[in-house]
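# Notes for the structure review
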Amino acid sequence: MQESGAATLDDLDQALVHALQIAPRAGWARIGAAIGVDPVTAARRWTRLTRAGAAWIGCHPGPPAAESGQGCLAFVEVDCANGRLTEVARALAAEPHVITVEHVSGGRDLLLTVLAPHLAALTRWVTHRLGALDGIVTTRTHLASTVYTEGSRWRLRALSSEQIARLADAAPRVEAAAFPLTELDHALFAELSVDGRASHRLLAERCGTSPDTVRRRVNRLLSSGMAQMRCEVARPLSEWPVSLILWGRAAPDALRSVAEQVTGAREVRLCAGVIGRHNLKVIAWVRSLDDAQRFEVRLAERVPALTVVDRAVALWPMKLNGHLLDERGYRTGAVPIDIRAVAPAG
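Below or above, wherever it landed, is the structure these notes cover. Here the residue index of a chain counts from 1 through its sequence in written order. Only residues with pLDDT of at least 70 are given local features in this predicted model, and only at 80 or more are side-chain atom pairs given and counted; all residues enter the totals for whole chains, interfaces and linings. With hydrogens and water excluded, all non-hydrogen atoms of the structure serve as input to the side-chain values.

### Topic: the overall build of the chain
As a reminder of what qualifies: Strands are runs of DSSP state E lasting at least 2 residues, helices are runs of H or I lasting at least 4, and numbering of each runs from the N terminus. All radius of gyration figures rest on C-alpha atoms, and the globule criterion is 2.2 Å times the number of residues raised to 0.38. Throughout this description, buried means an accessible area under 20% of the type-specific maximum (1.4 Å probe, protein chains only), exposed means over 50%, and partly exposed covers the range between. Note on areas: Shrake-Rupley, 1.4 Å probe, and residue coverage restricted to the protein chains presented here. His is not counted, nor are the chain ends; Lys and Arg add positive charge and Asp and Glu add negative charge. By convention, charge coordinates are those of NZ in Lys, CZ in Arg, CG in Asp, or CD in Glu.
The helix and strand inventory of the chain stands at 12 helices and 12 strands. Relative to its length of 346 residues, the chain is compact, with a C-alpha radius of gyration of 20 Å against a globular reference of 20 Å. Principal axes of the C-alpha set define a box for the chain whose edges measure 55 × 50 × 45 Å. Of all 346 residues assigned to the chain, the portion counted as buried reaches 53%. Carbon together with sulfur atoms contributes 51% to the accessible area of the chain, which is approximately 15100 Å² in total. The chain carries 41 positive and 36 negative side-chain charges, and their two centres are separated by 3 Å.

Structure, rendered in structure tokens:
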């Protein structure tokens, strides 16, 4: 039984979360040494946070997977019939390849993030599954091109530079180098997406192989950037409880430069190129609705070559990177991420 959500994160909790954002699979001895506690205390604190749904660690395919032709990322807007939103959202949240489901303000009811093995599979899912789902009025699909930054790089910023340095050797060293994903790799993705700290032994039992094989495959997935770990915290505990979604436009020849400037803003969680009527999507966590407007002003000053053309606020992020959230933003469960669940075109 999950405990009731924590009301606050004390200084030690914040330091623990920040340490795990840097080195999500590091041993408790290394984590404890970095934040100044013994391993038992660090592990106990983490167990308390996860049981409360206040923090969790997952895993998702990284950009090298898509860049090597082994994945397709799309943002899908969904309009629902009156009174059917919750029903539709829950049906979509149960799908392993629909990794994020958000009820948002503005010109759409739901915003989905969808992973597919390739464009044909995505097209088939949008046409045959999404198009036939009861309660949906219309959908609009926007394909992602380049992901410039995403949530695994976002930090709580509770540690000193000295503490961060202590974790440097334990952080995954990424040298983006794609390779063909095997069935075992996909199975490991699914398991790690639910519990990013699952032991090699437990993963081996669940995937039907040996701990040594799991260790090698997991290390390769992480070091290549094909898999990316992410330590999340319930938004009300982060001091940035409002999720702001912006769609922008920049000149095609300036898009990369604009995106790099956008990613430098502390609040930004996602910055991705989009193929559609807008060519950039940005998600930022801000302190309040007033701060959402101030952030847009700051962004305009920082990146004058970007024109924001639409905006929304996440009213209820129902599913985030595979993890199910309650109305307050606390984790209640997870659906393993598996892009193979999308039926291939045939």
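### Remarks on the pattern of salt bridges
Worth spelling out the cut-off: Between Lys or Arg on one side and Asp or Glu on the other, a salt bridge is scored when a side-chain nitrogen of the former is within 4 Å of a carboxyl oxygen of the latter.
Summed over the entire model, instances satisfying the criterion amount to 24 salt bridges. We note a salt bridge from Arg 230 to Glu 232, for which the minimum N-O separation is 3.1 Å. Of the charged contacts, one joins Asp 338 and Arg 340 as a salt bridge, the two residues approaching to 2.9 Å between their closest N and O atoms. Overall, the relative accessible area of 17% leaves Asp 338 in the buried class. One salt-bridge network, held together by shared partners, links Glu 77, Asp 79, Arg 108, Arg 140, Arg 277 and Asp 310.

### Observations regarding the layout of surface pockets
Applied cut-off: Whether a set of points on the 1 Å grid over the protein atoms alone is a cavity depends on a 1.4 Å probe fitting there but being unable to get out, while an open set qualifies as a pocket with protein on both sides within 12 Å along at least five of seven lines; lining residues are those with an atom within 4 Å of a point. Grid points are joined across faces, edges and corners, and a volume is the space filled by probe spheres set on the points. For this classification, Asp, Glu, Lys and Arg are treated as charged, while Ala, Val, Leu, Ile, Met, Phe, Trp, Tyr, Cys and Pro are nonpolar and the rest, including Gly, are polar.
Taken as a whole, the largest pocket holds about 820 Å³ of empty space. The wall of the largest pocket is formed by 47 residues, among which Leu 73, Ile 99, Thr 113, Arg 230 and Leu 270 lie closest to the centre. Taken together, the residues of the lining of the largest pocket sort by class into 25 nonpolar, 14 polar and eight charged. Glu 150, Ser 152, Arg 153, Val 174 and Gln 228 are, among the 20 residues lining the second largest pocket, the residues nearest its centre. Elements represented by at least two residues in the lining of the second largest pocket include exactly α1 (11-22), α4 (63-67), α10 (211-224) and β6 (227-233). Residue composition of the lining of the second largest pocket, by class: 11 nonpolar, five polar and four charged.

### Digging into the pairing of strand β7 (residues 242-249)
Short version of the rule: At least two DSSP bridges between two strands are needed for those strands to be called paired.
Counting buried residues in β7 gives seven out of eight residues, a clear majority hidden from the surface. Pairing between β7 and strand β9 (residues 280-286): seven bridges, direction antiparallel. Bridging from a neighbouring strand, Leu 244 pairs with Ala 284 of β9. Where β7 meets strand β10 (residues 307-320), six bridges bridge the pair, whose relative direction is antiparallel. Within β10, the position partnered with Arg 249 by the bridge is Thr 307.

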